[in-house]
Amino acid sequence: MKEVIAEKIIKESSGDETVVYFMSYNRHYTRFAENRITQNMARDVTEINIEVHFGTRKGSAATTSLNYEDIKNTLKRAEQIARHSPEDPEYVPPLEPVKIKNIERFYEETLNLTPENKALSLRKVFSSASRHGVKVAGLYTNGEREFAVYNSRGHEAYHKSSEVSFSITVQGEDSSGYTAFFDENIERLDLEKEYEGAFKKQELGKNPKEVEPGIYKVILEPVALSNLLLFLYMQMDARAADEGRSFFSGKIGKKIFNELVNLYIDPYSKVNPAIPFDGEGFPLGYINLIDRGVAKSLICDRYWAKKTGRKPTGRPFFFNMDDGQMDVEDLIKEVDRGILVTRFWYIRYVDQKSITVTGMTRDGTFMIEDGKIAYGTKNMRFNESVVNVLKNVLKLGKGKRVGVEYWGSGANYIPTALVSEFNFSSKTKF
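The paragraphs below set out a description of the structure included in this document. Here, residues in each chain are numbered from 1, in the same order as that chain's written sequence. Residues qualify for local features only when their pLDDT is at least 70, as the model is predicted, and side-chain atom pairs are given and counted only at 80 or more; totals for whole chains, interfaces and linings, by contrast, use all residues. Hydrogen atoms and water are omitted, and side-chain values are computed over all heavy atoms in the structure.

Comments concerning the overall build of the protein
Part 1: Elements are defined by DSSP. Helices are runs of H or I of four residues or more, strands are runs of E of two residues or more, and each kind is numbered from the N terminus. Scanning the protein for helices and strands turns up 10 helices and 17 strands.
Part 2: Dimensions of the protein along its principal axes, counting C-alpha atoms only, are 70 × 55 × 35 Å.
Part 3: The contact rule is simple, with two residues in contact once any of their heavy atoms fall within 4.5 Å. Across the protein, the fraction of contacts at a sequence separation of at least 24, relative to all contacts at a separation of at least 6, is 71%.
Part 4: Using a 1.4 Å probe, the Shrake-Rupley method yields the accessible areas, and only the shown protein chains count as cover for residues. Here the protein displays about 19,700 Å² of accessible surface, and carbon together with sulfur accounts for 48% of that area.
Part 5: For the purpose of charge, His is not counted, nor are the chain termini; Lys and Arg are scored as positive and Asp and Glu as negative. Charge positions are represented by NZ for Lys, CZ for Arg, CG for Asp and CD for Glu. Distance between charge centres in the protein, computed from 61 positive and 60 negative side chains, equals 3 Å.

Spelled out as structure tokens, the structure:
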């Protein structure tokens, strides 16, 4: 249906060039709190975005209606906007046809998971939580996404994926624990195991103690490290670097991180398969961003690539970092005194150029002494450069996929990291 609608739109368009984008979301949400399901909700939406070009003038308009008269009116609005828009000095025409190798990421059983199925699975969790005097809250989501791009030059890009995500917080009187899961295949989710992991952290964190601010050796679990790496990735833009607005300005080819750090893009990765094209339908392939601590390349869009004589990379929604073979327990044994962090929250930039950020720990922060978890700590604020974190990596443990909802369909693959120095700047009251 999408291809037929796009063909009609392109045929009826008066523009020199026309691009049609489809974004479909069929999502089913089960929210729970206080050891009970609080909401079941479904969202089934298809958005059609039409982009019309007259020379280097562009205009776009969108609709969620599948009635063709509404779609035609949306096309007319896009044409009108384009005619009244200024010339775009950074204009690049739509993509020429190029073949995109697809990757299978759709599992029917994931889409077919019902609210009743979820309720039956969650009931065991709620019963266990009630028996132990704790409360659980979280979100259990399943569904599918489709993204398609068609243009008047004949380029087509289409991808369909299923996805299941589960996150849970176990809350005790003075401690909490958290785990999260993301995958395309519901059969890979062990819901009770996720709960048990969060419950164990809550148990270990009881009677938390205050810890003095300072520089500590830390173990950052995948969610915590991913929270930080998002800020690094946002700075990995070739144009920003060339114009002196990024930490990576003048850094390409230089060793800037520990040699254990390898950061890359690969939609065909076995550990983290992803959509094989970007938001304009540009095919994505392997991009070697950081190799053994050396900055190798940056993300470069088509305009900046043409202006500077580079090869464009597209704009991926995801990234991967090589992991190690050690379990978290093995890394803990390596620490004489330090802090284990499950995740961070409320992170904000302090200084973009040095990628210094601030935020707080949450849902599982522990003091390590003599290679063992000694006690839970109260949460702390940190003020640290992500660059320094990656410079000070000592060892890497096993990784996992960490879902990134607001970046689109998919996840990042992130290891656990043992870091020699991390700055906790102040205490908190919780």
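Some details on the environment of Pro222
Part 1: Counting through the fold element by element, Pro222 comes out in helix α6 (residues 222–233).
Part 2: Between the alpha carbons of Pro222 and Thr416 there is a distance of 4.9 Å; along the sequence they are 194 residues apart.
Part 3: Here Pro222 is in contact with Lys398, Lys400, Val402, Ile414, Pro415 and Thr416, once residues within four sequence places are set aside.

Regarding helix α1 (residues 2–12)
Part 1: Only protein chains enter the accessibility calculation, which uses a 1.4 Å probe. A residue is then buried if its area is under 20% of the maximum for its type, exposed if over 50%, and partly exposed in between. Looking at α1, one finds that the buried residues are Lys2, Ile5, Ala6 and Ile9. All buried residues of α1 fall inside an arc of 100° around its axis, so they share one side. Set apart from the buried face of α1 by more than 90 degrees, the exposed residues are Val4, Glu7 and Lys11.
Part 2: Buried residues belonging to α1 abut β1 (17–33), β2 (36–54), α2 (68–83), β4 (135–151) and β5 (156–171). Of all possible arcs, the one meant is that of the directions from the helix axis to the C-beta atoms.

A few points about the pairing of strand β7 (residues 214–220)
Part 1: When you tally the buried positions in β7, you get five out of seven residues, the bulk of the element.
Part 2: Alignment of β7 against strand β17 (residues 411–427), held across six bridges, turns out to be antiparallel. Paired with Val218 across the two strands is Val419, which belongs to β17.
Part 3: Following DSSP output, two strands are said to pair if at least two bridges run between them. Of the strand pairs in this sheet, β7 and strand β12 (residues 337–351) are connected by four bridges, and their pairing is parallel. Bridging from a neighbouring strand, Val218 pairs with Ile339 of β12.

What to know about the environment of Arg105
Part 1: Within the secondary structure, Arg105 is located in the loop between α2 and α3 (108–111).
Part 2: The exposure class of Arg105 is buried, given its relative accessible area of 1%.
Part 3: The spatial distance from the C-alpha of Arg105 to the C-alpha of Pro273 is 7.4 Å, given a sequence separation of 168 residues.
Part 4: A polar side-chain atom of Arg105 sits 3.0 Å from a polar atom in the side chain of Glu184. In the analysis that follows, any N or O atom pair within 3.5 Å is treated as a polar contact, provided that within protein one partner can donate a hydrogen and the other can accept it, and provided that, for residues neighboring in sequence, both atoms belong to side chains.

Section: the pattern of salt bridges
When the charged atoms of two side chains lie near each other, side chains of opposite charge can form a pair.
Part 1: Whenever a carboxyl oxygen of Asp or Glu lies within 4 Å of a side-chain nitrogen of Lys or Arg, that contact is scored as a salt bridge. Taken as a whole and judged by the stated rule, the model has 30 salt bridges.
Part 2: Between Asp183 and Arg188 there is a salt bridge, and its shortest N-O distance comes to 2.5 Å.
Part 3: For Asp183, a relative accessible area of 7% gives the class buried.
Part 4: Classification of Arg188 by relative accessible area gives partly exposed; the value is 45%.
Part 5: Asp183 is the partner of Arg401 in a salt bridge, and the nearest nitrogen-oxygen pair spans 3.4 Å. With a gap of 218 residues between them, Arg401 in strand β16 (residues 393–403) and Asp183 in strand β6 (residues 176–183) connect regions that are remote in the sequence.
Part 6: Assessed through its relative accessible area of 10%, Arg401 is described here as buried.
Part 7: One salt-bridge network, held together by shared partners, links Arg105, Asp183, Glu184, Arg188 and Arg401.

With respect to α6
Part 1: Here the expected length of a helix is defined as 1.5 Å per residue gap, with one fewer gap than residues. For α6, which comprises 12 residues, the first-to-last C-alpha distance of 15 Å matches the rise-based estimate of 16 Å (1.5 Å per residue) to within 8%.
Part 2: Counting buried residues along α6, 12 of its 12 residues qualify, which places the element largely inside the surrounding structure.
Part 3: If you check which residues of α6 are buried, you get Pro222, Val223, Ala224, Leu225, Ser226, Asn227, Leu228, Leu229, Leu230, Phe231, Leu232 and Tyr233.

Overview of the sheet that holds β6
Part 1: Pairing within the open sheet is antiparallel, and its six strands lie in the order β3-β2-β1-β4-β5-β6. With one partner strand each, in any of the chains shown, β3 (57–63) and β6 form the two edges of the open sheet. Each strand of the sheet is rotated relative to its neighbour by a mean of 15°, with strand direction disregarded.
Part 2: Note: β4 against β5, 16 bridges, orientation antiparallel. Within the sheet, the bridge partner assigned to Lys135 lies in β5 and is Gln171.
Part 3: Lying on the sheet, α2 is in contact with β2 and β3; it crosses β3 at an angle near 155°.
Part 4: Each axis is a line fitted through C-alpha atoms, taken for helices only over the stretch in contact, and angles between the N-to-C directions span 0 to 180 degrees. Where helix α5 (residues 191–204) meets the sheet, its contacts fall on β4, β5 and β6, and the angle it forms with β6 comes to roughly 155°.

Regarding the nonpolar core
Part 1: Working definition of a nonpolar core: buried Ala, Val, Leu, Ile, Met, Phe, Trp, Tyr and Cys residues. They are joined through side-chain atoms within 4.5 Å. Leu220, Leu228, Phe248 and Phe257 are the most contacted members of the largest nonpolar core, which totals 64 residues.
Part 2: For this core, the element with the most residues is α6, which contributes nine residues.
Part 3: Apart from residues no more than four positions distant in its own chain, Leu220 is found in contact with Leu225, Leu228, Val341, Phe344, Val389, Pro415, Thr416, Ala417 and Val419.

Remember, this is a structural readout, not a statement about activity or role.
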